[in-house]
Amino acid sequence: MNDMTTAKAAPAKTLPDAQTVTEVKHWTDRLFSFRVTRPASLRFRSGEFVMIGLLKDDGKPLLRAYSIASPAWDDAMEFYSIKVQDGPLTSRLQHIEVGDEIIVRPKPVGTLVHDALLPGKRLWLFSTGTGIAPFASLIREPQTYEDYDEIILTHTCRDVAELEYGRQLIEDLKSDEMMRELLGEDLDKLRYYPTTTREESPKMGRITDLLRSGELFADLGYKEGMSPETDRAMVCGSIGLNTDLKEILEGYGLREGANSKPAEYVVEKAFVG
């Protein structure tokens with residue numbers, strides 16, 4: 001499944017903090033992405049999240065934290081979501097169409113930002129499922145390429161089809177004329193490492209297992225693991241992934257950072273994809 005609709009004109013807004021849906025794309029029966037208009041006053045850092053949602057039948061807003069998948073310079077906002085058939089929000093959100101309105105609260109926050117990391121040479125972006133969303137923002141952010149010599153995006157899903165969003169993201173990014181003109185050969189700094197855990201694919205395994213065994217480093221041609229002097233990491237995925245990766249990263253001597261105290265790695269606690 002891979003169908004998309006786009007908008008030609010946006011209707012007048014009627015909800016508080018309402019933004020108009022301009023594009024919807026269904027990737028699988030469990031995953032979809034959508035773009036909405038961006039409030040003129042909204043400023044955010046690539047990697048942050050906002051609260052978005054719909055009105056319930058009683059007229060009260062039903063909101064959840066969603067990472068912004070588009071970069072800070074984009075004039076629209078992109079989101080990437082799972083479909084939970086009995087989920088309070090996604091059971092309804094998955095049926096949005098172009099021209100519909102959703103609530104976007106204009107108060108971005110989050111830890112997956114450059115400000116929360118100390119300067120380094122190699123940036124690891126570890127994601128599972130829809131946890132790739134904030135990294136979809138960051139790999140389209142010029143500062144990422146200014147700050148690091150290498151950027152490695154890992155994306156682990158159960159099935160091959162669930163990797164398609166990331167695969168197309170990378171393909172579009174590297175063929176985009178504007179990004180090529182802006183970053184040139186710097187785009188070659190980006191390396192993509194997709195894996196599956198259930199369906200057979202060229203690379204199988206949980207990223208935590210591939211890290212512990214050293215297979216990840218061998219696949220990428222690195223002779224050694226991570227060092228707090230050179231490596232920085234961002235993590236976004238399931239609670240289990242976040243917990244396991246924190247242990248692995250700290251085993252390499254990396255410390256968890258925050259906006260108020262930058263360090264070597266950060267984990268998005270508010271968004272679980």
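Starting afresh in each chain, residues are numbered from 1 along the sequence in its written order. Only residues with pLDDT of at least 70 get local features here, since the model is predicted, and only at 80 or more are side-chain atom pairs given and counted; chain-wide, interface and lining totals rely on the full set of residues. To obtain the side-chain values, all non-hydrogen atoms of the structure were included, while hydrogens and water were left out.

**Describing the confidence of the model for the protein**
For every residue, the predictor states its confidence as a pLDDT score lying anywhere from 0 to 100. When pLDDT is averaged along the protein, the result is 91; 93% of the residues meet or exceed 70. Two residues form a contact once any of their heavy atoms are found within 4.5 Å. When the criterion is pLDDT under 50, residues 7-13 qualifies, and its contacts beyond four places in sequence or with other chains add up to twelve contacts.

**A short note on the state of the cysteines**
What counts as a disulfide here is a pair of cysteine sulfur atoms lying within 2.5 Å. A complete count under the given rule lists zero disulfides for this structure. Unpaired in this structure, Cys 157 has its nearest cysteine sulfur neighbour in Cys 236, at a distance of 12 Å. Judged by relative accessible area, Cys 157 falls into the buried class, the value being 5%. Classification of residues uses two cut-offs on accessible area relative to the type maximum, computed with a 1.4 Å probe and protein chains only: under 20% is buried, over 50% is exposed, and between them is partly exposed.

**Description of the pattern of salt bridges**
Any carboxyl oxygen of Asp or Glu that lies within 4 Å of a side-chain nitrogen of Lys or Arg is treated as forming a salt bridge with it. Scanning the model with the defined rule gives 20 salt bridges in all. The partner of Arg 167 in a salt bridge is Glu 164, with the nearest N and O atoms 2.7 Å apart. In this pair, Arg 167 and Glu 164 both sit in helix α4 (residues 164-175), three residues apart, roughly one turn of the helix. Residue class for Glu 164 comes out partly exposed when judged on its relative accessible area of 21%. Beyond isolated ion pairs, a larger network of salt bridges with shared partners links Arg 35, Asp 74, Glu 78 and Arg 140. Put simply, DSSP marks the helices as runs of H or I at least four residues long and the strands as runs of E at least two long, and each gets a number from the N terminus on.

**Re a negative patch on the surface**
By definition, no residue in a patch forms a salt bridge, and every one has over 30% relative accessible area; like charges are joined within 9 Å, nonpolar side chains (Val, Leu, Ile, Met, Phe, Trp, Tyr) within 5 Å. Here the Shrake-Rupley method, with its probe set to 1.4 Å, supplies the accessible areas, and only the displayed protein chains count as covering residues. In this tally, Asp and Glu contribute negative charge and Lys and Arg positive charge; neither His nor the terminal groups of the chain are included. Where a charge lies is defined by one atom per residue type: Lys uses NZ, Arg uses CZ, Asp uses CG and Glu uses CD. On the surface, Asp 172, Asp 176, Glu 177 and Glu 181 cluster together into a patch of negative charge. Mapped onto the fold, Glu 177 is located in helix α5 (residues 177-183). For Glu 177, a relative accessible area of 69% puts it in the exposed group.

**Description of the sheet that holds strand β10 (residues 190-196)**
Think of it this way: DSSP has to see at least two bridges between two strands before they count as a pair. The parallel open sheet is built from five strands, whose spatial order is β10-β9-β8-β11-β12. This sheet does not close on itself; its edge strands, each paired only once, are β10 and β12 (265-267). Pairs of neighbouring strands in the sheet enclose a mean axial angle of 10°, with direction left out of account. Pairing of strand β11 (residues 231-236) with β12, which is carried by three bridges, proceeds in the parallel orientation. Residue pairing in the sheet places Met 234 in a bridge with Val 266 of β12. Strands β9 (150-157) and β10 of the sheet are contacted by α4, whose axis makes an angle of about 165° with β10. Whenever a helix is involved, its axis is fitted only over the stretch in contact; in every case the axis is a line through C-alpha atoms, and angles between N-to-C directions fall within 0 to 180 degrees.

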